[in-house]
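Descriptive analysis of the structure
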Amino acid sequence: MFLDKFESFREIYIQCHDNPDADAIASGYGLYLYFEKLGKKVHLIYSGSYRITKPSLNIMIHQLDIPIEYRESISGYDLLLTVDCQYRGGNTTPHPAQRVAMIDHHPQCVSTDEWCVIKEEYGSCCTVVWELLQQKGFEVNDCRGLATAMYYGLFSDTGQLSEIFHPKDKEFRDYLRIDRDVMDQLVKSNLLREELQIAGEALADYYYDDEYSFAVIKTRPCDPNLLGVINDLAIQVDTIRVSIVYSQTPIGYKFSVRSDLKEAMAAQVARWISKDLGSGGGHINKAGGFILSKNYERQYPQTEFDQFLKNKLCEWGKKHSNE
């Protein structure tokens, strides 16, 4: 079992990606409690240019007693384990380490070995960590705070649970026993005023294709959850039948899909867009995906990403209008 590899280490640093989100923090917290139970000296950290300021994340950290620390540098440790990211993948400060391990759910973007678990078919890193903890008989529901944190991690990374498509994510969602009062606080504190401005800017400058009735909306870099919030509003416009909202990340493009067309189910569109470039899926009306920059740039070096999306949706429209 993967976690058996860590039993010989005395001190372990668990590192979230820079500017961590709920999925990264909760994934790291689950591993922190597991290693702590084994008697390890364990630290949960993040680095980068920005400290955590998002209200929901601060509530999550303080209400659920998550011992995450900001560190500019670290030294004198046995193992660095990155969660919800990949070492030297572009969105994580690469602290020097003799032994590095990785747990992630994004498309692979670095060289890996037997110290890495990457399951890009899963909707959240929390699901990957839960599966690994299950293998070791570690019961997540024994700690209501951990269960709540991991639920919020899954919630945030899957468009408020609207973009879950893998059976393991669904099983994980149904398994968790959470603190509903805390969860309600997290959901109600999900947006910053800056994110309201990001949403307004994005909606004020969208692209609409009159022939095939689709919209493409670009946002500034933002929390992935905001993409779904924007898209849920865009798809309510009477003439928009398919909508894609996307933002660029340090390692690729995160996108959200909404559709009310039977011939353009959101999950199918997400898979069509991300084929050979990343991963995508979801439900009939709501879906999402991720495209890795290095894959995209290799196949479409001369095409801007928004034009790529427009081309793909036009191809889809032509294909299905002729059937």
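The rules behind each value
Sequence order as written defines the numbering, with residues in each chain counted from 1. Per-residue local features of the predicted model are confined to residues with pLDDT of at least 70, and side-chain atom pairs are confined, for both listing and counting, to 80 or more; whole-chain, interface and lining totals are unaffected and use all residues. With hydrogens and water stripped out, all remaining heavy atoms of the structure feed into the side-chain values. Per-residue accessibility, obtained with a 1.4 Å probe over protein chains only, is compared with the maximum for each type, and a residue is labelled buried under 20%, exposed over 50%, and partly exposed between these values. Secondary structure elements are defined from DSSP: runs of H or I of at least 4 residues count as helices, runs of E of at least 2 residues count as strands, and each element is numbered from the N terminus. Note on pairing: two strands pair once DSSP finds at least 2 bridges between them. This arc is taken over the directions from the axis of the helix to the C-beta atoms. Contact between two residues is taken to exist if any of their heavy atoms lie within 4.5 Å; hydrogens are not considered. Between N-to-C directions, angles span 0 to 180 degrees; the directions come from axes that are lines fitted to C-alpha atoms, helices contributing only their stretch in contact. Put simply, buried Ala, Val, Leu, Ile, Met, Phe, Trp, Tyr and Cys residues joined by side-chain atoms within 4.5 Å make one nonpolar core. All tallies of charge rest on Lys and Arg as positive and Asp and Glu as negative; His and the ends of each chain are not included. Salt bridges are identified by distance alone: a Lys or Arg side-chain nitrogen within 4 Å of an Asp or Glu carboxyl oxygen. Any N or O atom pair separated by 3.5 Å or less is treated as a polar contact, with the protein-specific requirement of one donor-capable and one acceptor-capable atom, and with residues adjacent in sequence counted only for side-chain atom pairs. The rule is short: rings of Phe, Tyr and Trp, with Trp giving its six-membered ring, pair when the centres are within 6.5 Å, and they are stacked under 30 degrees, edge-to-face over 60, tilted in between. Placement of a positive charge over a ring is assigned whenever Lys NZ or Arg CZ falls within 6 Å of the ring centre and within 35 degrees of the normal to the ring plane.

1. Some details on the pairing of strand 12 (residues 286-292)
- Counting buried residues in strand 12 gives 6 out of 7 residues, a clear majority hidden from the surface.
- Bridge count for strand 10 (residues 252-259) against strand 12 is 7 bridges, and the pairing is antiparallel. Bridge pairing in strand 12 links K254 to F290.
- Bridging between strand 11 (residues 278-282) and strand 12 involves 5 bridges; their strand directions are antiparallel. Pairing of G281 across the sheet is with G288, part of strand 12.

2. Comments concerning helix 5 (residues 167-175)
- Taken residue by residue, helix 5 has K168, D169, F172 and Y175 as its buried positions. Taken around the axis of helix 5, the buried residues stretch over an arc of 130°, which confines them to a single face.
- Those residues of helix 5 hidden inside the fold are in contact with helix 3 (125-135) and helix 4 (144-157).

3. Description of the sheet that holds strand 5 (residues 100-104)
- In space, the 6 strands of this open sheet follow the order 3-2-1-4-5-6, with parallel pairing throughout. Looking at strand neighbours, the two that pair on one side only are strand 3 (68-70) and strand 6 (116-118), the edges of this open sheet. Sheet twist, expressed as the average angle between the axes of neighbouring strands with direction ignored, equals 25°.
- Of the pairings in the sheet, the one linking strand 2 (residues 41-46) to strand 3 comprises 3 bridges and is parallel in character. Residue Y46 lies in a different strand from strand 3, and its bridge partner there is Y70.
- Along the sheet, helix 1 (residues 22-37) makes contact with strand 1 (11-16), strand 2, strand 3, strand 4 (79-83) and strand 5, crossing strand 2 at roughly 170°.

4. As for the nonpolar core
- Of all hydrophobic cores here, the largest spans 62 residues; its most connected members are F6, I14, F35 and M60.
- Setting aside residues up to four positions removed in sequence, I14 forms contacts with G28, L31, Y32, F35, V42, H43, L44, I45, L81 and V83.
- Listed in part, the 25 residues of the second largest apolar core include F214, Y253, V257 and L309.

5. A word on the side chain of D209
- Tracing the chain through its elements places D209 in strand 7 (residues 207-209).
- Among buried Asp, Glu, Lys and Arg side chains, D209 stands out as unpaired, with K318 the closest opposite charge at 8.8 Å.
- Within the local environment of D209, its side chain forms a polar contact with the backbone nitrogen of Y212, the two atoms lying 2.7 Å apart.

6. What about unusual backbone geometry?
- Positive phi is not limited to glycine here, since R88 has a value of about 65°.
- Its location among the elements puts R88 in the loop between strand 4 and strand 5.

7. Some thoughts on the packing of aromatic side chains
- For the coordinates displayed, the defined rule picks out 21 aromatic pairs.
- Measuring from ring centre to ring centre gives 6.0 Å for Y152 and F155, while their planes differ by 20°; the resulting arrangement is stacked. With Y152 and F155 both in helix 4 and 3 residues apart, this pair spans about one turn of that helix. Across this residue pair, the class does not change: Y152 and F155 are buried.
- Of the aromatic side chains, those joined through ring pairs into one cluster are F2, F6, F9, Y34, F35, W115 and F138.
- The residue whose ring lies beneath K310 is Y207, and the NZ or CZ to ring-centre distance is 4.1 Å.
- Sitting over the ring of W272, K312 keeps its end group 4.4 Å from the ring centre.

8. Things to note about the pairing of strand 5
- Taking burial as the measure, the 5 residues of strand 5 include 5 buried ones, the bulk of the element.
- Covered by surrounding structure in strand 5 are V100, M102 and D104 together with A101 and I103, the residues of both alternating faces.
- Sheet analysis places strand 4 next to strand 5, joined by 4 bridges and oriented parallel. Looking at the pairing, L81 lines up with A101 of strand 5.
- Two strands pair when backbone bridges link them, and strand 5 and strand 6 are joined in this way by 3 bridges, in the parallel orientation. Each residue of the ladder has a partner; that of M102, found in strand 6, is C116.

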